[in-house]
Amino acid sequence: MTNGAPFRADAALARRRPGIDYEAVPASLAARAVEPGDAGYHRYTASYLRSAAPGLVLRPQTPAETQDAVRFADRHRTVPLGIFSAGHGLSGRSLNHGGLVIDVSAINHVDPLGGARVRIGPGARWIDVARVLTPLRLAISSGDYGGVGVGGLATAGGIGWFAREHGLTIDHLRSVDIVTAAGELVHASANENPDLFWGMRGAGANFGVAVSFEFEAVPVGRVALAQITFAVTDLATFIERWGAAIEAADRSVSGTVLLGASRPGSTTYAMASVVIDSDQPDVVAERLRPVLEVDRIAQQSVSLATYEEVIGAFFEEGSVQQGQGEPHSHSAFVRHLGAGTSTQIAALLESGASPFFTIRSVGGAVADVPSADTAYGWRDANFSLIAFGSPSSGIDQWWGRLAPHFEGMYLSFESDTGPDSLVRAFPPAHLERLRGLKRRYDPSGLFRDNFYVEPGGSPLA
Ligand SMILES: Cc1cc2nc3c(=O)[nH]c(=O)nc-3n(C[C@H](O)[C@H](O)[C@H](O)COP(=O)(O)OP(=O)(O)OC[C@H]3O[C@@H](n4cnc5c(N)ncnc54)[C@H](O)[C@@H]3O)c2cc1C
């Protein structure tokens, strides 16, 4: 061995996959690289939702090693390429079958820089970020779940518990360092490479591997977390009233409701989680009251919690990812949950096509940022919908029927990564600009495995 790779027995070498020049793995990466026959390989056989069997996992620990990994990948265009931060991608494309994976989970620093600034590596999970920021009474609105990685979420959007009050995660991003397809380490901010900075905030995975983010956090102390189970008999009316209550609520209120398949006329239990950014009991009670009046309540609890406790509520440290097969989900934004939209969603749920359906609040501060300012463009939506199902459940047909009510979609909640999804994920002018950026930063499509934007458009995007 000349490149520092560990000794591998013949049985392990026999499991190597075609199309990968294993002997050419750069010396900087060889010792930590993982192949199908290696002890550490099992970690890469499943992400959160999808099974996998990559041919080689490169595990850089620094931006320079990430550059080596990207240059190696550039010489391996015939096999898939996954970029892996924490493995929670719904499309599951951070891992693959038979291809390369660049796993940046070891680049996981969370470094407060003074004031509200913090520098974070892509491999940190949002629970790690909250653990550092909570004692400083700071937070970055991320998602609802602490296990999600910074790399995947902060390059796509970030719809979280403070969305209505503080906007998206990307709205707090001040700069990002990226290893581009050319293997260059590029700094992007409002002042340096602003075009790339624009693309990284919504379609980042198309332009390179993010290796460091600098955010501006916001002051957050203890907040109220309400868990409410509604016993719903008229689903369409419930959805419409939920929408009206959330839209009318103070911006400090953000909420998600989880629904499942139901039978017409029978009671459905709708599980809602609502965060109110206040630790004053009377303020919390006043802001929560209209939400509690949406329908009959079967169960409720309200507690004061730190942000770390909120996003850690369902998170189990050390849990192993066990995704199987192919996830199948659809995503959409709606501006309002009016009678027509609510009736159609109720019909979908009563058909049994989706056993897991969520309605998350957006709106508020998300809409304060002009749509043209970031690649994430659908800022007028008040709700983000996700429906899980299976192709045989009829979910695709139902989604098609609901389409006239939709106004775009959030790419991170969609499992279909094809061109039709891109057209829904970005407004036309945004997509055109992204194609121009792709032509400039990745003209030959190295980063093509997750929502691939075809190069085109104007190179001066
Ligand atoms: C249980 C669960 C809860 C979730 N809740 C929310 C939520 O509340 N709000 C929300 O907005 N989203 C949420 N998501 C979606 C989540 O934001 C995305 O799936 C995100 O991509 C996951 O990031 P990751 O780094 O863990 O994923 P990975 O699987 O590691 O990566 C997913 C994709 O992101 C891209 N990517 C990853 N790392 C990098 C990098 N360093 N540079 C460039 N591109 C990269 C790649 O395209 C990759 O295929 C949730 C997902 C799950 C599974």
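Engineer: Just give me the short version of the packing of helix H11 (residues 339-351) against helix H12 (residues 395-402), but keep the residues and values in it.
Structural biologist: Direction vectors running N to C along H11 and H12 enclose 170°, while the axes themselves pass 10 Å from each other. Considering their axes alone, H11 and H12 lie roughly antiparallel with respect to each other. Counting all contacts with H11, which are made through Thr 341, Gln 344, Ile 345, Ala 347, Leu 348 and Ser 351, the residues of H12 involved are Ile 395, Trp 398, Trp 399, Arg 401 and Leu 402. Grouping the constituent residues of the contact of H11 with H12 by class yields seven nonpolar, three polar and one charged.

Engineer: Describe unusual backbone geometry, with residues and values.
Structural biologist: Positive phi, normally seen in glycine, also occurs at Arg 137, with a value near 55°. By the element assignment, Arg 137 lies in the loop between helix H4 (126-133) and strand S6 (138-139). With phi around 45°, Asn 193 is a residue other than glycine that occupies positive phi space. For Asn 193, the position within the fold is in the loop between strand S8 (185-189) and helix H7 (194-203). A residue is classified by how much of its surface remains accessible, and Asn 193, at 30% relative accessible area, is partly exposed.

Engineer: Run through the site of the ligand, naming residues and quoting values.
Structural biologist: In the region of the ligand, 32 residues are neighbours, and Ser 85, Ser 94, Asp 144, Ile 159 and Arg 360 sit closest. Ala 86 is positioned such that a nitrogen or oxygen atom in its backbone is 3.1 Å from an oxygen atom of the ligand. In the environment of the ligand, an oxygen atom lies 2.9 Å from a nitrogen or oxygen atom belonging to the side chain of Asn 450. Elements with a contribution of two residues or more to the shell around the ligand: strand S2 (81-84), helix H5 (150-153) and strand S9 (209-216). No other element matches H5, which puts three residues into the shell around the ligand.

Engineer: So what's going on with the pattern of salt bridges? Residues and values would help.
Structural biologist: Scanning the model with the defined rule gives 26 salt bridges in all. Salt-bridge contacts for Lys 438 lead to Asp 442; the nearest nitrogen and oxygen are separated by 2.7 Å. The two residues Lys 438 and Asp 442 agree in class, both being buried. Residues joined in a network through salt bridges with shared partners are Arg 8, Arg 16, Glu 23, Glu 35 and Asp 38.

Engineer: Account for the domain arrangement of the chain, with residues named and values stated.
Structural biologist: Each assigned domain of the chain is listed with its residue range as follows: domain 1 (10-103), domain 2 (110-220) and domain 3 (223-416). Among the residues domain 1 hides against domain 3, the three largest losses belong to Leu 49, Arg 50 and Leu 90. Together they make up 50% of the total. Here domain 1 and domain 3 share two salt bridges between them. Residue Glu 326 is joined to Arg 93 by a salt bridge in which the shortest nitrogen-to-oxygen separation is 3.8 Å. The tally of links between domain 1 and domain 3 comes to eight residue pairs in polar contact (both at pLDDT 80 or more). Class assignment for the residues of the side of domain 1 that touches domain 3 results in five nonpolar, five polar and three charged.

Engineer: Got a sec to walk through the sheet that holds strand S7 (residues 173-179)? Specific residues and values, please.
Structural biologist: Spatial ordering of the open sheet is given by S4-S5-S9-S7-S8, a layout of five strands whose pairing is antiparallel. Whereas interior strands pair on both sides, the edge strands pair on one side only; in this sheet they are strand S4 (110-114) and S8. Taking the axes of each pair of neighbouring strands and ignoring which way they run, one obtains an average angle of 20° across the sheet. Sheet analysis places S7 next to S9, joined by six bridges and oriented antiparallel. Among the inter-strand pairings, Ile 178 is bridged to a residue of S9, identified as Ala 210. H4 contacts S4, strand S5 (117-120) and S9 of the sheet and is inclined by roughly 40° relative to S4.

Conventions and cut-offs
- Residues numbered from 1 in each chain as written.
- Predicted model: local features only at pLDDT ≥ 70, side-chain atom pairs only at ≥ 80, totals over all residues.
- Heavy atoms only, no water.
- Axes fitted to C-alpha atoms, helices over the stretch in contact; angles between N-to-C directions.
- Helix = DSSP H or I, 4+ residues; strand = E, 2+ residues; numbered from the N terminus.
- Parallel < 35°, antiparallel > 145°, perpendicular 65-115°, else oblique.
- Contact = heavy atoms within 4.5 Å.
- Nonpolar A, V, L, I, M, F, W, Y, C, P; charged D, E, K, R; others polar.
- Buried < 20%, exposed > 50% of the residue type's maximum accessible area, 1.4 Å probe, protein only.
- Near = heavy atom within 4 Å.
- Polar contact = N/O pair within 3.5 Å; in protein donor to acceptor, adjacent residues only side chain to side chain.
- Salt bridge = Lys/Arg side-chain N within 4 Å of Asp/Glu carboxyl O.
- Domains from an automatic or database assignment.
- Buried area = accessible area lost by both parts, 1.4 Å probe.
- Pairing = 2+ DSSP bridges.

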